[in-house]
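A closer look at the structure
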Amino acid sequence: MFHHEIMQSVMEERARERRAEARAVRAGRVARRAREYWAERAERGSAARPMRRRPSGHGAPQAR
């Protein structure tokens, strides 16, 4: 192998490692934001008043 082929191989390996590291960082960020979102939602959900369901249209016949 020539020097430039060896260096290219080394740089490709480093780039692959850096991309994998960046993917892991992004995945960690997304997981943290998701945990924060659901924790906040659960906190708000217990304090919020329950929503009333809209009539589904099934059941008693309606006047036309």
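Relevant structure appears above.
The paragraphs below set out a description of the structure included in this document. (Residues numbered from 1 in each chain as written. Predicted model: local features only at pLDDT ≥ 70, side-chain atom pairs only at ≥ 80, totals over all residues. Heavy atoms only, no water.)

Along the chain, the regular secondary structure elements total one helix and zero strands. Carbon and sulfur atoms make up 54% of the accessible area of the chain, which amounts to about 7,000 Å² in all. (Helix = DSSP H or I, 4+ residues; strand = E, 2+ residues; numbered from the N terminus. Areas by Shrake-Rupley, 256 points an atom, 1.4 Å probe, with all protein chains shown as cover.)

Under the definition given, this model contains two salt bridges. Salt-bridge contacts for Arg32 lead to Glu36; the nearest nitrogen and oxygen are separated by 3.2 Å. Of this pair, Arg32 and Glu36 both sit in helix H1 (residues 3-47), four residues apart, which is roughly one turn of that helix. For Glu36, a relative accessible area of 43% corresponds to the partly exposed category. (Salt bridge = Lys/Arg side-chain N within 4 Å of Asp/Glu carboxyl O. Buried < 20%, exposed > 50% of the residue type's maximum accessible area, 1.4 Å probe, protein only.)

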